Structure formats: structure tokens, C-alpha cells
Amino acid sequence: MIEFLTENALLAALIALGGLALVFGGILGFASVKFKVEGNPIVDQINDLLPQTQCGQCGFPGCKPYAEAIADGEEINRCPPGGEATIQHLADLLDVEVKPLDAEEKVPSVAFIREAECIGCTKCIQACPVDAILGAAKQMHTVIGSECTGCDLCTDPCPVDCIDMVPIETTMQTWHWDLPKTPAQSQLIATDRKGEVA
Amino acid sequence: MSALKKMRKTYKLRGGIHPPENKTQSLQSPIDVLPVMGEIVLPLGMHIGAPAEAIVEVGQTVLKGEMIAKPKGFVSTAIHASTSGTVKAIEHRPIIHASGMTAPCIVIEPDGKDQWTTLTPILNYRQSEKNDLLEHINNSGIAGMGGAGFPSRVKLATDKTIEQLIINGTECEPYITADDILMQERAAEIVEGIEILQHLVNPQETLIGVEDNKPEAINALQAATQGKNIEVVVFPTKYPSGGEKQLIQILTGKEVKSGGLPADVGVVCQNIGSTYAIFRAVKHGEPLISRITTLTGEALTTKKNVEVRLGTSVQQLLDFAGFHASRANRVIAGGPMMGFSIPSLDAPVVKTTNCLLAPESNELPLPPEAQPCIRCGMCSEACPVSLLPQQLYWFAQAKDQEGLKKHHLMDCIECGACSYVCPSNIPLVQYYRASKADIRQTAEDQKKADYAKTRYEARLARIEKEEAEKEAKKQARLKKAAAATTAKEKSEVKAAVERTKAAPAEATDDPVAAAIARAKAKADASPLDKAKDNVASLEKRLKKAQAKLDAAKANNDENLAAFESSLTKLQDKLTTAKAELEKLQGEAPKATPEINTDDPVAAAIARAQASRADGESLSPEDKLNKDIESLTKRIKATETKVAAAKENGDEKAEILESSLTKMQDKLTTAQNELAKLQPAKEAPQAAPAVDENDPVAAAIARAQAKRSGDEALSPEDKLKKDIDGLNKRINATQEKVATAKENGDDKAEILESSLNKMQDKLKAAEAELAKLQPATEKTEDAAATQSHDPNDPVAAAIARAQAKREQSSDLSPEEKREKDIAHLEKRIKLTEEKLSEAKDAGDDKAEILESSLEKLKTKLADLAAAED
């Protein structure tokens, strides 16, 4: 056998290459089954960047579907709750151009039910994507403020229009400095030089 | 002095600056212990962490040193009344905060007695448990008094091995001398406080770090620490040596890693002021109700350090020091490097207020306007934490959080050295403060988003589960119902069989029983014969019954009603029997049975049978054609009969009508079958053979012809054809509806529903067509559709819409809008006209028209608004 191969160099090469191809093909085939990635991993990455309000303002029924759509080539500027920041992050992730938001940027807000007017229809409860509304049939409902994503999906189904979207107020805990815009705002530091630098 | 000679090695702080110190002004006089100056306002959140929880009520009398708010959570500390008096209010008041916001405060109206509550000092603290001592310290409201206000308990509660306890007497920020004077005047107490801390954290060595610009304080401390295990370490003055991590680095050479705590490197750091407060709290039981605050700045007449009650308003304190509001360009809380302007002077002094600085304009001028960054790199030279401020500046401007994080923005201590040295006067620290907050906000938002996501997914899972359960229940119900019905059917069948068996014995006079008996007798005969006989006998009986009925009518018999009902019954039976017969004959067609030619239905059946028999020898298609022909003929005949019956008010009319419908159904199925059978080419030829006079048959024939023709066509053409056909059909149906309505016919409703269906189909077809057609073809098609059927309003509307879409796609938005508006106005006018007509006629449509008119108007309004 070996003698035969040594005599027929061409055949030996063919057999060797064919053998290698089979071996590597087998490895690749095994790997493709063993390490199969379920779904598109980019979708999860995109989904992580989206604000998860599940509001559907992008035209898709939730953040995950929009993430899937973006992965399939949908525009990245459809998310009003995420605003410019989200667009920026998506652009970075996907290496595409930043586009201006395709809607008005929304002030972050939470739903508030005027409980005196609530008739207890449970329609808003069914509409809430994050189960942030508490109540039962014919009992007044209330919004758990800390759970509410401000998606605005509960206001439409309300038959008596007793749900307001209340902008989230800045508290001592959430307040922070803004980036300096005008020189007048930047009057705190760099102060002690008695005007020697003008 | 020996301690000073064998001075330990200190490490050099990287970067840093040397701003003018301006410390001497406020060191001219000793600490002035101030009395209560008026209303006391104590914010619930004086420290970092969770605000304390008020435990007093409005109107309650409190004594000096009484706890009025308890700590809430671990990182929180208590608040005490700084004088005796009455709680006037618990409300939002302005506080010392850069935001200028208000925060909940407890307001105490002093009673002037300044009466202490019962104090509980821990004289023998060395014997007490560490935790008890910590609890006592926290309940005494001790928080870091250097500026940040971190509850001291948290720092001291470490269970790590502590190598160094460092007491921070650096006070590197210009102007501030509160710690300096405290060290000068109360060194002994501070040292006692340090001993308490030593007991708590058990360090290997204790260092007091003091800058060399405080010789008096150093002397006092060295005197006080004589013979104690405490070392006063003096090092060169440099801003910002007083930062906790910076001081640790200077004294020990250890660097606290990014994001770490001093305890990680075996160090606990406490401020001089806090140490003194801990001493007061433990040795005297006095909670933190006052602090040393430096009052300085050229706008004050007397610059000095005062021991002031917490809650005293800044305004009163400044007034005490001779504040010239007109000369001050602002009032700063803290020093000139890290402090901030106080938005409201009504804000009270709190635990972290180490300095109130009221500078004149020439003393601390407002910074000049920022110039562009020239990349000189001075800021990175000055940065004590080795960051690259110029890079951070760019990232901050671009809001590039990733870049900022990569360049360790979070390690910035906001000392302001970079801003101080910047030749372009760029307020770098402001950028970093804002960016840090943004990053925190983003992290917070991300957390919230993740939480929302989990909740959303949980909800989806729940809904899915509920659906599955519902489905399972439904299936179970269906199964149960099916089982029940089969059982019922079985029992019914059984009962019927029993009845049949019992019948002959009961009453042979009963015609039905007789029939059954006869049927039984013929049980051995073939089913077809049986059925034929059945029909024949039923017909006979029917005739008899009718004759009887007529007779009864003539005689005005009492049994008239009974006769009539039995007649109807017989007729029903006859129909079923005939149907059966038909079925059977379909299976085994034979010679036409003898039938009563007077009975039109029977005659029809006979003819049908005959034709079917003929059809046997024909090909399936021919057969079907024949069938169709005969059916159409029959339908026609039946129709005429129905009309006649109706005119005569005959009862048969109903039956006839139902049979007519059946026939029509059959015709349709036959036609369909035929269509299936016929090859595409043959269809057009076969179709004309159908009776042209029958509208239904004709329509079907046309449909067939068309369909077969369509086979060869492209999908678009087919759709177009479909649409054409539908339009025509809709027209025809509309006409029919109109006539039916005029005649008050029952069919009107059916026709209308079918009309609706057709219109739906038309729409669907149109939509599909729109999808299929490339944009260029649309225009032609729209034109074509328009020309198709100007009489059909639906088709016309669709055509117009398409045409408009075509045109408008080429137009600019303004032109489009104008066109739209013109169009809408036209439509509104038209609708209004129609509406008035409908109203005059009292038509049902009026309402629909009204609503559509409203919709049109709102659209118009929207468009007009958009134009504005």
C-alpha cells in the first residue's frame, strides 16, 4: 500500500488532501451542530440598548420586535423614549450613520390614574406591558410608579380618560449638573486668580 | 519635638496646584460660640445616603439634643434638635444645594431656654461593644464633616484589618480654617476622639495628616499626642492633598484602586471635625447639633470661625459677621475650588457646611469666557489622579460615555485643579460633573430597562400560559360536548327505532305507520326501488290528503286545521323521500319511474333522472354540461312557479323557493365541477352553451370562461380581470338590490349581503393588484380602472385614489397638501349633497354619510393645520 502510494505521488497527494477535507469537514459539521447559535445574537445586543418601555411607538409591538427589525435593516431612529442617546448607541453598535429622531423626543413620565374617576374597567391593566397597574374589576386602579415605563399604552384604552402622563420630577436624588453651555453657568471653579488671566 | 525630628517619609502627590491660601483672615480670632439666632431649619437629608425619617410631629416640644429624625437604612444617620423649642412645621424649605431645590425640613421655633435633653454619654467606652458604640455614634448623627457628609458609622463598621487610621487635618482648600482652628483650640479633645476611633478600628498605627501651612495646629496636636500611639505627620502644602485617597497616598504610599474603598488597602480615614464630634458624642453624650464654620470673604466685616447650631440660616449667620450684600458677588458654600454658589440665603447651615465664603468681585472674579482648548496639557499635569482632562473634555462634549469611562472619568475627584490651570478658562470640572451624572443616569436607566424587560417577559410568559390553559380547557369542553351529543344521538336513534317497531302494532290506520309498514315489507327490495315506491306512495297520499282538504274546505269541516298540518307533513316527507331517491338514483340510475306528471317537482326529478341516465354514456364534462342545462331549465321553471304561487298566495311558494335555492346551489357545484374538469381551452366554448337567460348560470359561465382564460394570464392581468368582473357583478347586483327593494322582496337582504361580500373581494383584489404592480404600471392601471366603470362608485373611488396616489408621488409635499385639501373640499361638498338627499328621502344611509362627512372635515382641518 505504502509502496503503491510512494510510487504514485499524485494519488498520494489526492488521498491526503481528500482525507484532510473529510476530517476538517467532519469537525466543522460537528461544530456547526454542537455550537449552533440560536437566533441572531445582534438582536439581543440591540435589544439591550433599547429602553424596554415596550411602548410600540416605533411601530413594532415591543422592543424585541423592533430590535429584530433593526437587525433586518429597519431605521434606528424610531424610538422616542430612547431619544438621541439610544440612536447614538445603536449607531455605534451597528456602525451606521446617526440619524435624527423620527419623532418628538418625549419627556420621561409615568402614568397616573385619577382614582376618583376610575370606573374599574381593567382595560388599562390589560394594556400595560409591564404589569405596572394594580386593580381589579369594579375596583379603582392605580399605577405602581416605580414599575411604570411611561409607555403611554394605557391612556388610549381608558374609556373615561382618567389616566394622565405625569412627567417625572427631578428630585434631590436625581438632580445633576448640566453640561456648561454659557460662560455665565461656569462661574464656580477657576476662580482664585484675582483676574490675572483675562 | 522628637516626633517632629524623626518625621516619617511622606510620598509626593502627583499633580496638584498652589492657589493663594487666604487662610489667615479667618484665623485672627478664636472660635466664637454662637447662641441660637432664630428659627432652626433642619433638612432631613443633611448627609449622603437615605434621608432620615422624622419622628416628631408638628407642635411637639423638643429639647436640645433630642433625636427628631431617625436613620433610615444603613447609610443614613440621625438628626437632632439643635435647641429646645416647638416643632413649627415639617415642610419643604430651600437648602444648601447647587440645584436650588427645596427639601423636606423640620422647622423648630426655639423657646429660648436652650434646654438639654437627658444625655447618655458612654464614659467607659473601652468596655462597651463595638456595635453598641457604632450605634451610639450613628444615633448621635455623626457624618463626615469635611464636605461630603458620609455617615461615619459606615466607615468605622469595617471588619477588615486596619493598618492605618488616618485623621484628616489637611484642609487644603483655600479660605477654610475650620479644622485648623479646631486643632489649635481643642487638640486634647480631638486626641480623645482619636482614641475612641482607635478602640473601634484597632489600627496598627494612627496618623494625623496636617499640611505644613498650619504650624500652630501642628504644635497643639503634637503637644496633645505626647506619649500616645498617635503620629502627627506634616507634609508640604499642595492642593488637593486633603482628598481622602490623596492623603492616604501621601501618608502611606498606598493607592486606593479605582472604585475601591480605603478599607481595601487597610486604611480608615476620618475628618478632624468628625473626630471631635465623635468625642462629644461618646464622652458627653452630645449629638451633632453644632459645627465650626468659617465665615470669610471680603464682603464680611468680621472673618472668623464660629461654632454655629445646625439649622441656623445662612443669612442670619452672614448678618452676624457683617455681610455687605452689595459688595458680595455671590455666597459660596465650601471653598473656592470645590464649593458652589448658594442659590438661596434662607438655606440653613448643615453638617457639611465648613465654610461660607462671601467674596467681592475683585477677590473672586467670575471666570472669563471659555476659549477653545489648545491642547497645552497643563490640565493633565495638574490632575492629581493622573487623568487626561483634555481628552475627557472632548468626550464630554461628544457625550461619548464609553470614551469617558475608558478614560476613567469616574475616578475624577472634581478637585478643579484642571480648571484652575486651564489657560483657556474652560470649566472642565463642570463638564465632568455633568458627564458623571449622565453616566450614573444611564446606568440607572439601564437598570430600569432591564427590570422592565424582565417584567415584560414575565407578562408574556404568563399570558402564554393562560392561553394554553384556556385552550386545554376548551378542548376538554369540546370533547365532553361531543361525547354528550353522541350519547344523545344514540338514544334518539334508539327511540326512533323503537317507535318504528312499535308503530305497526299500535295503529294501522295511521298513514305514516302504514307507510312504514309498507316500507318494511319492501325491506328485501333494492333501496332504490324502495325509495321510488316511497315517493310514489307519498305522492299518492299527498294527492289524497289534498283532495280531503279540498273537501273539508268545501264543507267547512272542523278538522280543516288537522288536515292542513298533515298535508304539510306529507309534503315535507315527500321532499325528503325525493331527495333520497335522487341520491340513490345518482348511484344507480335506471329507467325513469312512473310519476305523476301533474306534480311539477316530480316531473322535474323525472327529467333530471332521465337526463342523468342519458348522461351515463357521456363524458363527465358533457354530463355536467347537461346537468347544468337541465338545472338552469328547472330553476327557470321553478322560478315561474314560485312567482305564480306567490301571486296565488299559495303555501307551496315557500317550499318551492327552498327547492329553488337548492337547485341553484346544485347548479353552482355542477358549474364548479365542470370548470375543474374542463381544460382551460375548452371552457370558453363550453360556456356559451349555458342558458343565457339565467343570470346566475350566465354569471357562472362567464366566471368559468374567465377563469380558464386567466390560466394563461399573468397574476396581474388575472387580478385586473377579477376586478373588472367584480365591478360588473357589483353593478348588476346593485341594480338587482334596487329592484328587489322596490318590490319589497325578501331577497333584497341576501343580495345586499352578497353585494358587500363582492365589494370586500373587490377591495382585496385591488390591494393585491397594487402590491403586484410595479409603480410604473400603476398609472396606466388607474386610468384603466377609471374608464372601466364610471357608474360604480366604489370602483371609481378606488380608481381615483390610485390615480391620486400616482400623481401625488411625483409632487412636492406642499403641492400634494394643496391637492389633498382641494380634493377633500370637493368630497365634502359631494357628501353634503348626498346627505341632504338621503335626509329628504329618510334614508338609513344618512347616518353613515354624516359620520363620513365628519371624518372628512377633521381630515381637512388636520391638513389645514399642517399647512400652517
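Just above sits the structure.
Residues numbered from 1 in each chain as written. Chains lettered and ligands numbered in written order. Predicted model: local features only at pLDDT ≥ 70, side-chain atom pairs only at ≥ 80, totals over all residues. Heavy atoms only, no water.

Enquirer: Account for the interface of chain A and chain B, naming residues and giving values.
Expert: Contact with chain A, which involves 45 residues of that partner, is made by 55 residues of chain B. For the chain A and chain B pair, buried surface summed over both sides reaches about 4300 Å², with 57% attributable to carbon and sulfur atoms. Scanning the region where chain A abuts chain B turns up four salt bridges. The closest approach of N and O atoms between Arg455 of chain B and Glu147 of chain A, which form a salt bridge, is 2.6 Å. The interface formed by chain A and chain B includes 12 residue pairs in polar contact (both at pLDDT 80 or more). Residue assignment for the side of chain A that touches chain B shows that the elements contributing at least two residues are helix H3 (41–49) and helix H6 (123–127) of chain A. Looking at the side of chain A that touches chain B element by element, the count peaks at three residues for H6 of chain A. (Contact = heavy atoms within 4.5 Å. Buried area = accessible area lost by both parts, 1.4 Å probe. Salt bridge = Lys/Arg side-chain N within 4 Å of Asp/Glu carboxyl O. Polar contact = N/O pair within 3.5 Å; in protein donor to acceptor, adjacent residues only side chain to side chain. Helix = DSSP H or I, 4+ residues; strand = E, 2+ residues; numbered from the N terminus.)

Enquirer: Hey, could you go over the packing of aromatic side chains for me, with residue numbers and the actual values?
Expert: Counted under the stated rule, the structure contains five aromatic pairs over all chains. Arranged with centres 5.5 Å apart and planes meeting at 25°, the rings of Phe60 of chain A and Tyr66 of chain A form a pair that is stacked. For Tyr66 of chain A, a relative accessible area of 1% puts it in the buried group. Ring geometry for Tyr276 of chain B against Phe279 of chain B: centres 6.3 Å apart, planes inclined by 35°, an arrangement best described as tilted. Within this pair, Tyr276 of chain B and its partner Phe279 of chain B are both found in helix H8 (residues 272–284), separated by three residues, close to a single helical turn. (Phe/Tyr/Trp six-rings, centres within 6.5 Å; stacked < 30°, edge-to-face > 60°. Buried < 20%, exposed > 50% of the residue type's maximum accessible area, 1.4 Å probe, protein only.)

Enquirer: Explain the environment of Ala224 of chain B to me, using residue names and the numbers behind them.
Expert: Relative to the helices and strands, Ala224 of chain B is located in helix H6 (residues 215–224). Through-space distance from the C-alpha of Ala224 of chain B to that of Ala188 of chain B is 5.3 Å; in sequence the pair is 36 residues apart.

Enquirer: How would you explain the sheet that holds strand E4 (residues 61–62) of chain B if you had to name every residue and give the values?
Expert: All names here are of chain B. As summarised here, the arrangement of the four strands in space is E2-E8-E7-E4, forming an open sheet in which the pairing is antiparallel. Looking at the sheet topology across the chains shown, the edges are occupied by strand E2 (40–43) and E4. As paired strands, E2 and strand E8 (residues 102–110) are joined by four bridges and run antiparallel to one another. Pairing of Pro43 across the sheet is with Cys105, part of E8. (Pairing = 2+ DSSP bridges.)

Read these as geometric descriptors, not functional statements.
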